[in-house]
Amino acid sequence: MSVLDGRLTALRGQAREWAADFRAAALELDRDPGLVADHLDLPGVRCLSTFGVPPAFQVDPPTVGPYRFDGTNGLERAVVLEEFAAGDIGMTLAAPGPSMSGVLVAKLGDQEQQEWFFGRMTAAPTWTCFALTEPERGSDASALSTALREEDGELRLTGAKRYVGNAARARYAAVFARTRPGPLGVTAVLLDTEAEGYHAEPLDSLGIRGAQIGAVTLNGVRVDRDRVLGRHLSPARRGIWASLQVFNELRPSVAALALGIAGAAHAYVREHYAGALGEDRDRIEVLGGRIAATRALVHRAAAAVDATGDGYLASAAKARACALAEETTLAACDLLGPAARLSHPLLDKLVRDARGVEFMEGTRNIQHLNLFQGMRSGRVGA
Ligand SMILES: Cc1cc2nc3c(=O)[nH]c(=O)nc-3n(C[C@H](O)[C@H](O)[C@H](O)COP(=O)(O)OP(=O)(O)OC[C@H]3O[C@@H](n4cnc5c(N)ncnc54)[C@H](O)[C@@H]3O)c2cc1C
């Protein structure tokens, strides 16, 4: 059963309309992720450039008909991001804006930090990145080794990050680091990427190429003390606990991105194999039903995170939506016959993107482990 009200339904319709522009540019952006700079005037890209800026810092809040929206609520983000990703996940993730860092700053930043960060987001379209993953640590955030140390009276950041979306074009980076061993030693800081010692370069990738994931080296980058996020909070509330809260909030959005890819592949096969009969037609219908069911799960998971902060259902939604994205894109290839990936470049791109989204914000194994914890504790599935 849908949990969407009239406002979210209107928002969804608007996002779908804007996403058509994303689709039109999808293949050229996939070939050259730098081309996002030519698309800053698309309404969807403009929307993303302030999507997630809290109402208190919005200069000109986006509206759809009589409704205001700002992307600070998980269900709203899930609705919009599914439509944008159905247009093109590459453009969605290539767009400037607060993105994942915005969720972190809204949760952990004090008043001044929020003004500093969100003020820059509303002044002009600005790229940001969220640097957590490390070359040897992968999804194990608690083992991160990037160090934030006091040296000659100054805070310095040293380490390496990898697979960070938009790393090389971001002007501001939220970087996770540790001040001492253990979970309470983890913290996040905001950096101006023009600071000396910050270096980022794009990595080549097969899927979601628009996001231009990159490798970052941090060579003694000086960090202003007032850019340490959550400086007004106890270490327990700004360490791993805080990052888990942020990931809980973001997970339904990643599930929605995967769902968007599944929906795009399903629409593609319906359009290009409109005459499907018998088993093939049944197969396409079943895929449509599973997409609708997964959408209901994603919306319920987003609503649950909004209501309680619990991300267990969101883990189920993320795992399910990623599996469905892979299954739907591969089924579409199968249905369109041999050489489908060669003769349908957009479908080939969707297959590659589906594999990429699996690795965003934790793979299926990690989501299953989290879901298991939720079931064991009775927080989900009771
Ligand atoms: C398109 C894209 C965008 C990204 N954007 C960002 C970003 O903006 N910022 C950022 O910091 N990172 C980003 N990432 C990185 C992403 O978060 C990591 O890829 C992810 O955390 C997985 O890490 P890894 O690739 O090193 O794999 P690993 O964590 O090393 O996992 C490798 C394999 O081992 C399995 N595995 C690991 N641990 C366990 C376990 N305990 N039990 C069972 N199986 C296990 C995993 O399921 C997986 O199959 C992005 C990745 C992609 C693909």
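- In the nomenclature of an unreviewed UniProt entry, the protein is known as Acyl-CoA dehydrogenase of Streptomyces venezuelae.
- According to UniProt, the comment filed for the protein under the heading Cofactor (unreviewed entry) is "FAD".
- In the Sequence similarities (unreviewed entry) part of its UniProt record, the protein is described as follows: "Belongs to the acyl-CoA dehydrogenase family."

Regarding the packing of aromatic side chains
- If you walk through the whole model with that rule in mind, you get eight aromatic pairs.
- Note on Phe130 and Phe176: the rings are 5.3 Å apart at their centroids and 65° apart in plane angle, and the pair reads as edge-to-face. On the criterion of sequence distance, the pair formed by Phe130 in strand S3 (residues 128-131) and Phe176 in strand S6 (residues 172-178) is long-range, its members being 46 residues apart. Exposure class is identical for Phe130 and Phe176. Each is buried.
- In textbook terms, an aromatic cluster arises when at least three aromatic residues are bridged by ring pairs, as seen for Phe57, Phe117 and Phe118.

As for the domain arrangement of the protein
- Domain parsing of the protein yields domain 1 (6-95), domain 2 (98-235) and domain 3 (240-377).
- The distance between the C-alpha centroids of domain 1 and domain 3 comes to 19 Å.
- Taken together, the contact pairs 20 residues of domain 1 with 21 residues of domain 3.
- The contact between domain 1 and domain 3 buries some 1,700 Å² in all, and 64% of this surface belongs to carbon and sulfur atoms.
- Here domain 1 is connected to domain 3 by four salt bridges.

Some details on the UniProt feature "domain: Acyl-CoA oxidase/dehydrogenase middle" (unreviewed entry) in the protein
- In the numbering used here, UniProt assigns the "domain: Acyl-CoA oxidase/dehydrogenase middle" (unreviewed entry) feature to residues 129-221.
- As annotated, residues 129-221 has a helix share of 0% and a strand share of 49%, and its two end C-alpha atoms lie 16 Å apart.

Some details on the side chain of Thr193
- For Thr193, the location among the structural elements is in the loop between strand S7 (186-192) and strand S8 (198-202).
- Classification of Thr193 by relative accessible area gives buried; the value is 12%.
- A distance of 2.6 Å separates a polar side-chain atom of Thr193 from the backbone oxygen of Ala170.
- Not counting residues up to four positions away in its chain, the partners in contact with Thr193 are Ala170, Arg171, Tyr172, Ala173 and Tyr198.

Regarding the nonpolar core
- Counting 74 residues, the largest nonpolar core has Phe84, Ile89, Met91, Leu347 and Val357 as its most contacted members.
- Of all the secondary-structure elements, those providing two or more residues to this core are helix H1 (6-31), helix H2 (43-50), helix H3 (74-94), helix H7 (240-272), helix H8 (278-308), helix H9 (312-336) and helix H11 (345-358).
- Among the elements that make up this core, the one with the highest residue count is H9 (13 residues).
- Grouped together as the second largest cluster of nonpolar side chains are 26 residues, Phe130, Leu132, Leu190 and Ile240 included.

Remarks on the pairing of strand S9 (residues 214-223)
- The buried count for S9 comes to seven of 10 residues, which makes it a mostly enclosed element.
- Inspection of the sheet shows strand S5 (residues 154-164) paired to S9 by eight bridges, in the antiparallel sense. Among the inter-strand pairings, Gly159 is bridged to a residue of S9, identified as Leu218.
- With five bridges connecting them, S8 and S9 associate as antiparallel partners. Within S9, the position partnered with Ala200 by the bridge is Val216.

Points about the site of the ligand
- For the ligand, the set of nearby residues contains 19 residues, the closest of which are Phe130, Thr133, Ser139, Tyr163 and Thr363.
- Measuring from an oxygen atom of the ligand, one finds a backbone N or O atom of Gly165 at 3.1 Å.
- Contact between the ligand and Phe359: an oxygen atom at 3.2 Å from a main-chain N or O atom of the residue.
- Those elements that place two or more of their residues in the shell around the ligand are S3, S5 and helix H12 (364-376).
- Mapped onto the domain boundaries, the shell around the ligand takes at least three residues apiece from domain 2 (98-235) and domain 3 (240-377).

Details of unusual backbone geometry
- The phi dihedral of Ile208 is positive, around 45°, even though this residue is not glycine.
- Here Ile208 shows up in the loop between S8 and S9.
- In this model, Ala339 sits at a positive phi of 70°, which is unusual for a non-glycine residue.
- For Ala339, a relative accessible area of 47% translates into the label partly exposed.

Notes on H9
- With 25 residues, H9 extends 36 Å between its outermost C-alpha atoms, agreeing within 8% with the 36 Å of an ideal straight helix rising 1.5 Å per residue.
- The buried fraction of H9 amounts to 21 of the 25 residues, a majority that puts the element mostly inside the structure.
- Immediately beyond the C-terminal end of H9, within one or two residues, lies Gly337, with a positive phi of roughly 90°.

Here's the deal with H1
- Here H1 contains 26 residues, and its C-alpha end-to-end distance of 38 Å stays within 8% of the 38 Å for a straight helix at 1.5 Å per residue.
- Of all the bends in H1, the greatest measures close to 50° and is centred on Ala25.
- Listing the buried residues of H1 in full gives Leu8, Leu11, Arg12, Gln14, Ala15, Trp18, Ala19, Phe22, Ala25, Ala26, Leu29 and Asp30.

Reading guide: rules and limits
- The numbering scheme is per chain: residues are counted from 1 as the chain's sequence reads.
- For a predicted model such as this one, the threshold for reporting local features is a pLDDT of at least 70, and the threshold for listing and counting side-chain atom pairs is 80 or more; totals across whole chains, interfaces and linings nevertheless cover every residue.
- To obtain the side-chain values, all non-hydrogen atoms of the structure were used and water was disregarded.
- UniProt positions are given in the numbering used here, feature names are shortened, and annotations may be inferred rather than shown by experiment.
- Aromatic contacts are taken between Phe, Tyr and Trp rings whose centres are within 6.5 Å, Trp giving its six-membered ring; a plane angle under 30 degrees counts as stacked, one over 60 as edge-to-face, and the others as tilted.
- In this description a helix means any DSSP run of H or I spanning at least four residues, a strand means any run of E spanning at least two, and both kinds are numbered starting from the N terminus.
- Throughout this description, buried means an accessible area under 20% of the type-specific maximum (1.4 Å probe, protein chains only), exposed means over 50%, and partly exposed covers the range between.
- Throughout, the edges of the domains are those of an automatic or database domain assignment.
- Any two residues having at least one pair of non-hydrogen atoms within 4.5 Å are treated as being in contact.
- By buried area we mean the combined loss of accessible area, with a 1.4 Å probe, across both parts when two parts are placed together.
- Each salt bridge in this description consists of a side-chain nitrogen of Lys or Arg and a carboxyl oxygen of Asp or Glu lying within 4 Å of one another.
- Under this definition, polar contacts are N or O atom pairs within 3.5 Å; protein pairs additionally need one hydrogen-donor-capable and one acceptor-capable atom, and for neighbouring residues in sequence, both atoms have to be side-chain atoms.
- Only buried residues count toward a nonpolar core, which is a set of Ala, Val, Leu, Ile, Met, Phe, Trp, Tyr and Cys residues joined through side-chain atoms within 4.5 Å.
- Two strands are said to pair when DSSP picks up at least two bridges between them.
- For this description, a residue counts as near a given molecule or strand if any of its non-hydrogen atoms is within 4 Å of it.
- A helix's residues, less one, multiplied by 1.5 Å, set its expected span.
- The quantity called bend is, for any residue, the angle between two axes fitted respectively to the seven residues ending at it and the seven beginning at it.

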